[in-house]
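# Residue-level structural notes
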Amino acid sequence: MTTDNARRVISVIVVNEASVLSRITDLFSGRGYNITSLTVAPIPDTKYSRLTIATLGSVKVMEQITKQLHKLIPVLRVYEHEDMVEKEMALVKFDITENLSDINTICEAYNGKIVNAGESSVIVMVADEPKRIDNFLNSMKRYNPKEIVRSGAVALER
Amino acid sequence: MQISGAQMVIEALIAEGVETVFGYPGGAIMNVYDEIYKQDKFHHILTRHEQAAVHAAEGYSKASGKVGVAMITSGPGFTNAVTGLADAYMDSIPLVVISGQVPMSLIGTDAFQEIDAVGISRSCTKHNYLVTDAKDLPRILKEAFYIASSGRPGPVHVDIPKDVTAQIEEFNYDIELELETYKPTTKGNPRQIKKAMEAIAAAKRPLFYLGGGIINSNAAYDVRDLIHKTQIPAVETFMARGTLSHDDKYLIGMLGMHGSYASNMAMSETDLVIALGARFDDRVTGKLSEFAKNAAIIHVDIDPASISKLVNADYPIVGDVKSVVNEMLTLADCVDGSRYESWRETIENFDALHPLTFHEDSERIKPQWVVKRVGELLGDDANISTDVGQHQMWAAQFYPFTRPRQFVSSGGLGTMGFGFPAAMGVKAAAPEKVSINFTGDGSILMNVQELMTAVEKKLPVINIILNNNFLGMVRQWQTLFYDKRHSETDLSMQPDFVKLAEAFGGIGYRVSTKEDFDAALKDAVEKNVVAFIDVVVERFENVLPMVPAGGSLFNMMLLEKKEDK
């Protein structure tokens, strides 16, 4: 692993309790660490939630982030992912007059499809690696997307 | 038994063995204060400001080793207490601070005296709670005391809405804590400890670097044993003063920005740093890349995040200092202390070259003289607190400390106004000792209202004001680094400190000669009263040695020798 500023993904398992998310984000902001993306949801049938945090930092910064997160009382575990499956979702809205068959074909290449069609617009969904989501959104520019929303990454160690 | 949330607070404090609570009542905490009125199991000390209540609890905790407790109300009561929480957080002081909150139904409505207290305290406490149901109170209070005092100690804040303190529920404090996410490592890894001892045995110029964690874990006497057994010299951080007695032959002195020449040079020349409960603070290390450049580092700390945070540890040992040092003691036979004789001689030569001293003045009192004189007259009989500034550094440099917990000061946060209330807490914890607070003419005014508390509660703190009519430390930096532009540091306009003390029912002395100082101190000690001794000292005295911020430890600004002047 290099020591320079690289994108890194960590998972944090926390007890589901009031303000636990603030504790995590305050730690990042208070210590000057960066959050690129953050997703959080309860782990089914447990009292825990799982946060997936994408961040930028050197190995040393990551070590501090991990240790400081561990110090928080509701934090059960922190994993820094090295060999993981990582996915992110994006929803994009297009005008109904755009070339929908082209859009749909491209979506399929990114594990996606049209998920909603209304009178004036359609919404597509894709789920893929964050870098590929970047590529997808770039390729969608020519179809004049009206709105774009990204979910942030989720990751599991292989 | 079925009792109110307010009664639960009282019962929990009693169950935790709390003897003294510092605090200030208000609307949202009134239910609890009503229960305080009805009980006689612990003593409540009414401070005159919430900040002072927390500092007093800190002083109490530092002097006694127990968890300090402060109680305050919502809104401004809480915001006033934030500085105390931050101070305790930085110095790892175990506190439980209980605040009142507006009723649950009003939270989030911008109600009178409402503030998001847990939101504010999150970044300056080890942990915090908003109690939303009295059923949770016994568990939360038990957790609060446990979390505050275990692992790396720190302040825990418990915010309780007024309706929760009125809620009647079943109370049972005999509960097992289930903190599966909080399990501090106290026992060091035996293999790492063995490796560290082998490194010590092999080193040529090892050096103990003693930090405040030693005091917090009550490990000072174990550390003394280890040092005497291995015959390795030691430097203390500001926070560790008193770990070794001032006359211990292995103590070199304090290191860091205002450390002694010998201490800083020893740190620069050592080949093995044995850091115990120390966190490589920037005021200690100076320029990091030059700090103990040729040394391997053994780092013992209960907080894993402190290890290799700033300086890479070659032998990291996570654990309680007391436990680890005792493990080290069992292996200490492998260390032949006679090997370090020439290293000790080298350090003695450093000390002889630039001893920690000051130039006496026949006309004006030097502040360092005052500290030394108090040491000569009271020595071990006094506990020493300080405010923040030059006087604080002089106290740390020149007072002859003999024991741990004798020195109480604001290290990490550097809080002016800390000293007087902290000294009251020290006096409450150790009434048999004289409680001295070295303060400055700037610092003392930041919590001067506590004169009333001290007089009323018969906490005879003797405040020795080293009065140089300046915000002295800032003035020193302005002199040295801002071409003598003394911007807003001149405190020529001052209250009459004698009359001020008298106005509150204490005694004031203004002294400008050594004889008068001796007489005033003797009188204040004999009368056992709250006192201000306002000492007119040399205005432009600097704290030396000094390592300029960001400079290397071995590049110190030193006291000019007399013949150089």
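Refer to the structure presented above.
What this report covers is the structure whose coordinates are included nearby. Counting from 1, residues in each chain are numbered in the order their sequence is written. Here the convention is simple: chains get letters from A, ligands get numbers from 1, in the order in which they are written. Only residues with pLDDT of 70 or above have their local features reported here, since the model is predicted, and side-chain atom pairs are shown and tallied only from 80 upward, although totals for entire chains, interfaces and linings are computed over all residues. Processing note: side-chain calculations cover all non-hydrogen atoms of the structure and skip hydrogens and water entirely.

## A look at the overall build of chain A
Heads up, the rule is: The helix count covers DSSP runs of H or I at least four residues long, the strand count covers runs of E at least two residues long, and both are numbered beginning at the N terminus. Summary of the burial criterion: residues with accessible area below 20% of their type's maximum are buried, those above 50% are exposed, and those between are partly exposed, where the area comes from a 1.4 Å probe applied to protein chains only. Two residues form a contact once any of their heavy atoms are found within 4.5 Å. A 1.4 Å probe and the Shrake-Rupley method give the accessible areas. Residues count as covered only by the protein chains that appear here.
Along chain A, the regular secondary structure elements total 4 helices and 8 strands. The N-to-C order of helical and strand elements in chain A reads β-α-β-β-α-β-β-α-β-β-α-β. C-alpha extents for chain A along the principal axes are approximately 55 × 35 × 30 Å. Across the 158 residues of chain A, 41% fall into the buried class. Residue pairs in contact within chain A that sit at least 24 positions apart in sequence constitute 70% of those at least 6 positions apart. In the form shown here, chain A has an accessible surface area of approximately 8300 Å², with 52% of it arising from carbon and sulfur atoms.

## As for the sheet that holds strand β6 (residues 127-130) of chain B
Within a sheet, each strand pairs with its neighbour through backbone hydrogen bonds, oriented either parallel or antiparallel. All names here are of chain B. Convention followed: DSSP calls a pair of strands paired once it identifies at least 2 bridges connecting them. The angle between two axes is taken between their N-to-C directions and runs from 0 to 180 degrees, where each axis is a line fitted to C-alpha atoms and a helix contributes only its stretch in contact.
Ordered by their spatial adjacency, 6 strands build an open sheet running β3-β2-β4-β5-β7-β6, and the pairing between neighbours is parallel. Two strands bound the open sheet, and with one partner strand each, they are β3 (43-46) and β6. With direction set aside, neighbouring strand axes in the sheet form an average angle of 20 degrees. Packing against the sheet, helix α4 (residues 76-90) makes contact with β4 (68-72), β5 (95-101) and β7 (155-161), and its axis sits at approximately 160 degrees to β7. Of the strands in this sheet, β4, β5, β6 and β7 touch helix α6 (residues 137-149), which is tilted by about 160 degrees from β7.

## Details of the nonpolar core
Test applied: Take the buried Ala, Val, Leu, Ile, Met, Phe, Trp, Tyr and Cys residues and link them wherever side-chain atoms come within 4.5 Å; each set so joined is a nonpolar core.
Counting 61 residues, the largest nonpolar core has Ile 200, Tyr 209, Leu 210, Met 267 and Leu 276 of chain B as the members making the most contacts within it. Tallying contributions element by element places helix α8 (residues 190-202) of chain B first for this core, with 6 residues. Those residues within four positions of Met 267 of chain B in sequence are excluded, and the remaining contacts are Leu 207, Tyr 209, Val 235, Leu 255, Val 273, Phe 291, Ala 292 and Leu 553 of chain B. Listed in part, the 38 residues of the second largest apolar core include Ile 73 of chain A together with Ile 29, Ile 98 and Tyr 173 of chain B.

## Here we look at helix α1 (residues 5-15) of chain B
For α1 of chain B, every residue scored as buried is listed here: Gly 5, Ala 6, Met 8, Val 9, Ile 10, Ala 12 and Leu 13 of chain B. Following α1 of chain B by one or two positions, Gly 17 of chain B adopts a phi angle in the positive range, close to 75 degrees.

## Describing the packing of helix α3 (residues 100-109) of chain A against helix α4 (residues 130-140) of chain A
Residue and element names in this part refer to chain A. Put simply, the rule reads: Here the angle decides the label: under 35 degrees means roughly parallel, over 145 means roughly antiparallel, 65 to 115 means roughly perpendicular, and every other value means oblique.
For the pair α3 and α4, interaxial distance at closest approach is 11 Å and the crossing angle is 170 degrees. It follows that α3 is roughly antiparallel to α4 by the angle criterion. Facing Ile 103, Ile 106, Cys 107 and Ala 109 of α3, the residues of α4 in contact are Arg 132, Phe 136, Ser 139 and Met 140.

## Considering unusual backbone geometry
Peptide bonds are mostly trans, and most non-glycine residues show a negative phi. Residues and elements named next belong to chain B. Note the cis peptide between Leu 544 and Pro 545, where omega equals -5 degrees. Turning to its location among the elements, Pro 545 is positioned in the segment after β20 (531-536). Residue Ser 92 is not a glycine yet carries a positive backbone phi of 55 degrees. Inspection of the secondary structure assignment puts Ser 92 in the loop between α4 and β5. The buried category is assigned to Ser 92, whose relative accessible area is 6%. For Lys 458, which is not glycine, the phi dihedral falls at a positive 50 degrees.

## A closer look at the pattern of salt bridges
Residue and element names in this part refer to chain B. This is how the line gets drawn: Each reported salt bridge corresponds to a side-chain nitrogen of Lys or Arg within 4 Å of a carboxyl oxygen of Asp or Glu.
By the definition in use, this model includes 41 salt bridges over all chains. Between Asp 222 and Lys 322 there is a salt bridge whose closest N-O contact spans 3.0 Å. With a gap of 100 residues between them, Asp 222 in helix α10 (residues 220-230) and Lys 322 in helix α13 (residues 321-330) connect regions that are remote in the sequence. Since its relative accessible area comes to 32%, Lys 322 is described here as partly exposed. Measuring nitrogen to oxygen at the nearest pair gives 2.7 Å for the salt bridge that ties Glu 376 to Arg 373. With Glu 376 and Arg 373 both in helix α15 (residues 367-378) and 3 residues apart, this pair spans about one turn of that helix.

## As for the sheet that holds strand β3 (residues 48-57) of chain A
Residue and element names in this part refer to chain A. A sheet is described by the order of its strands in space; here 4 strands give the open sequence β2-β3-β1-β4, paired in antiparallel fashion. Strands at the two margins of the open sheet, each flanked by one partner only, are β2 (37-42) and β4 (75-80). Strand-to-strand twist in this sheet, taken as the mean axis angle between neighbours without regard to direction, amounts to 15 degrees. Pairing geometry for β2 and β3, over 6 bridges, is antiparallel. Bridge pairing links Pro 42 to Ser 49 in β3.

## A few points about the interface of chain A and chain B
Keep this limit in mind: Two parts lose some accessible area (1.4 Å probe) when they are put together, and adding that loss for both gives the buried area. Classification convention: Asp, Glu, Lys, Arg as charged; Ala, Val, Leu, Ile, Met, Phe, Trp, Tyr, Cys, Pro as nonpolar; all other residues, Gly among them, as polar.
Between chain A and chain B, the residue contacts involve 19 residues of the former and 17 residues of the latter. Carbon and sulfur atoms make up 47% of the area that chain A and chain B hide from each other, which totals about 1500 Å². Contact with chain B buries surface across chain A, with Arg 23, Lys 71 and Ile 73 of chain A losing the most and accounting together for 41% of the total. In this structure, the connection of chain A to chain B is made through 3 salt bridges. Residue Asp 303 of chain B is joined to Lys 71 of chain A by a salt bridge in which the shortest nitrogen-to-oxygen separation is 2.7 Å. Those elements that place two or more of their residues in the side of chain A that touches chain B are α1 (20-30), α2 (59-71) and β4 of chain A. Here the side of chain A that touches chain B takes 6 residues from α2 of chain A, the largest share from any one element. Residue composition of the side of chain A that touches chain B, grouped by class: 6 nonpolar, 4 polar and 9 charged.

## Brief notes about the packing of α8 of chain B against α13 of chain B
All names here are of chain B. Note the cut-off: Two helices that cross are described as forming a left-handed crossing if the nearer one is turned anticlockwise from the farther one by less than a right angle, and a right-handed crossing if clockwise.
At a minimum axis separation of 10 Å, α8 and α13 run at an interaxial angle of 60 degrees. In terms of axis orientation, α8 runs oblique to α13. Crossing handedness for the pair α8 and α13: right-handed. Contacts between α8 and α13 pair Ile 193, Met 197 and Ile 200 from the former with Val 324, Glu 327 and Met 328 from the latter.

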